2 protein chains.
Amino acid sequence: MLNAPVYTSASLKAELNEKGWRLTPQREVILTVFQNLPEGQHLSAEDLYALLEEQGEGISLSTIYRTLKLMSRMGILRELELAEGHKHYEINQPHPHHHHHLICVRCSKTIEFKSDPILKIGTKAAQKEGYHLLDCQLSIHAVCPTCQRSLLV
Amino acid sequence: MLNAPVYTSASLKAELNEKGWRLTPQREVILTVFQNLPEGQHLSAEDLYALLEEQGEGISLSTIYRTLKLMSRMGILRELELAEGHKHYEINQPHPHHHHHLICVRCSKTIEFKSDPILKIGTKAAQKEGYHLLDCQLSIHAVCPTCQRSLLV
DNA sequence: CGCCTTATTGATAATAATATTCAGTTGAGG
DNA sequence: CCTCAACTGAATATTATTATCAATAAGGCG
Ligand SMILES: [Mn+2]
Ligand SMILES: [Mn+2]
Ligand SMILES: [Zn+2]
Ligand SMILES: [Zn+2]
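All chains use their own residue numbering, which begins from 1 and follows the written sequence. Chains and ligands are labelled by the order in which they are written, letters from A for the one and numbers from 1 for the other. Per-residue local features of the predicted model are confined to residues with pLDDT of at least 70, and side-chain atom pairs are confined, for both listing and counting, to 80 or more; whole-chain, interface and lining totals are unaffected and use all residues. Heavy atoms throughout the structure, all of them, feed into the side-chain values; hydrogens and water do not.

For a metal with four tetrahedral donors the ideal donor-metal-donor angle is 109.5 degrees, while six octahedral donors give ideal angles of 90 or 180 degrees. Residue and element names in this part refer to chain B. At 2.1 to 2.8 Å from the manganese ion (ligand 2) lie its protein donor atoms, namely His42 (NE2), Glu90 (OE), Glu90 (OE), His99 (NE2), His101 (NE2) and Glu112 (OE). Any N, O or S atom lying within 2.8 Å of the metal counts as a donor, with the limit raised to 3.2 Å for Na, K and Ca; because water is left out of the atom set, some sites can appear incomplete. Each label reflects the angles at the metal, where four donors whose angles all fall between 85 and 135 degrees are tetrahedral, four or six donors whose opposite pairs open beyond 155 degrees and whose other angles stay between 65 and 115 are square planar or octahedral respectively, and the rest are irregular. The coordination sphere of the manganese ion (ligand 2) comprises six donor atoms, whose angles at the metal cover 50 to 168 degrees; the geometry is irregular. Donor residues for the manganese ion (ligand 2) sit on one chain with the sequence pattern H-x47-E-x8-H-x1-H-x10-E. Placement of His42 in the loop between helix H2 (25-35) and helix H3 (45-54) and of Glu112 in strand S4 (residues 110-113) is noted, with a sequence separation of 70 residues between them. Relative accessible area serves as the criterion here: at 24%, Glu112 is assigned to the partly exposed category. Helix and strand labels come from DSSP, where a helix needs a run of H or I of at least four residues and a strand needs a run of E of at least two; each type is numbered from the N terminus. Each residue is placed in one exposure class: buried if its accessible area under a 1.4 Å probe, protein chains only, is under 20% of its type's maximum, exposed if it is over 50%, and partly exposed if it falls in between.

Encoded structure:
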């Protein structure tokens, strides 16, 4: 069941150190931002950069890109394709908060929804092949009601 | 249930013309390539470009990018994030061939698997919100057995 | 069947997200 | 503390994808 723990600074440090990596203030700040992000919000690299700038905790874009990638590969964050041209990120929540995305390919309006069966099926599929699960996300690409009406394409 | 028909030149033409667009030899060729692609194969824009070059049916990269995007937004092709840095495409098959992807985030080794329940859940989720379904794909990000062994990160 | 309008193509240049480089800094283990 | 490799930030490079624009060719229509 997506063994994605709720990370604390301590557990993040432990997991990093285990691999010879380090806990830095920047990584701690970024984790905190994602942990406090309201449900349904997703940040791009630029979003995160701007947000931190605002908070007076400026972190370089280089470090932001590196950290987003690192944490995604650790299974701490999820990398999402919610819009064309750039990725979005959110914290990778375990079971009761784990969810999926219904995305309008025209305007990018996104609706989240939960599904236990999907998480189960995904977990089993990974297990069967001996893969170590990091994230499991159903992406539904569709056209929202508004965009259906506006006949534009 | 993902009303993605099996496209023929005629039905492609019909659907294009309906929107004031045109069927061109290039679009026909590209559709044919994807329809004849063996199960489990996915093409990037560059892959497709090289493949057509080889076949002596060279099509410009501009047109390839435009066509891949157009056909994805029409629901004819699926746009997949199977590797970092570029997208892959495959034909969007209806029910009995519809499938999902288990992807190693380290080496990009990908395994396909089917699941009727997921397609059902996705279809229902879109319906409930009044979205017009184009594609429904579960992406499982994980680490394959080989990459688990090689302790590298 | 031709004609006219306009979508489409291909070549080229532009854009923008992300990666890389490297010198200076700082975690973490001993 | 000390050492050393991992990390950061600034600048630069990369590269997938998009935009531009003149030339071409679908397709609706008379
Ligand atoms: Mn979300
Ligand atoms: Mn596939
Ligand atoms: Zn929309
Ligand atoms: Zn692998």
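This is not the end of the story, as more comes after the structure.
All right, on to the layout of surface pockets then. The computed volume of the largest pocket comes to approximately 840 Å³. For the largest pocket, the lining is made up of 47 residues, of which Leu80 and Glu81 of chain A together with Glu79, Leu80 and Glu81 of chain B are closest to its centre. When contributions to the lining of the largest pocket are tallied by element, the ones reaching two or more residues are helix H4 (61-74), strand S1 (77-83), strand S3 (100-104) and strand S5 (132-143) of chain A together with helix H4 (61-74), strand S1 (77-83), strand S3 (100-104) and strand S5 (132-143) of chain B. We call Asp, Glu, Lys and Arg charged. Ala, Val, Leu, Ile, Met, Phe, Trp, Tyr, Cys and Pro are nonpolar, and the rest, Gly among them, are polar. Here the lining of the largest pocket is built from residues that sort into 16 nonpolar, 14 polar and 17 charged. Lining residues are those with an atom within 4 Å of a point, where the points come from a 1 Å grid over the protein atoms alone and group into cavities, where a 1.4 Å probe fits but cannot get out, or pockets, open sets with protein on both sides within 12 Å along at least five of seven lines. Grid points are joined across faces, edges and corners, and a volume is the space filled by probe spheres set on the points.

Here we take up helix H5 (residues 116-129) of chain B. Count 3.6 residues to each turn of an α-helix, and residues three or four apart come out pointing the same way. An expected span of 1.5 Å times one less than the residue number is assigned to each helix. The first and last C-alpha atoms of H5 of chain B sit 21 Å apart over 14 residues, in line with the 20 Å expected at 1.5 Å per residue. Taken residue by residue, H5 of chain B has Ile118, Leu119, Gly122, Thr123, Ala125 and Ala126 of chain B as its buried positions. Along H5 of chain B, the residues classed as buried sweep out an arc of 160 degrees about the axis, all on the same side. Projecting away from the buried face of H5 of chain B at angles above 90 degrees are the exposed residues Lys120, Lys124, Gln127 and Lys128 of chain B. At its buried positions, H5 of chain B is contacted by S3, strand S4 (110-113), helix H5 (116-129) and S5 of chain A together with S3 and S5 of chain B. Within 3.5 Å is the distance limit for a polar contact, defined as a pair of N or O atoms, with the added protein rule that one can donate a hydrogen and the other accept it, and that residues adjacent in sequence qualify only through two side-chain atoms. The backbone nitrogen of Ile118 of chain B lies 3.3 Å from a side-chain oxygen of the residue at the head of H5 of chain B, namely Ser115 of chain B. One or two steps after H5 of chain B, the chain reaches Gly130 of chain B, where phi turns positive at roughly 75 degrees. Here the arc refers to the set of directions running from the helix axis out to each C-beta atom. For this analysis, residues touch if any pair of their heavy atoms sits within 4.5 Å.

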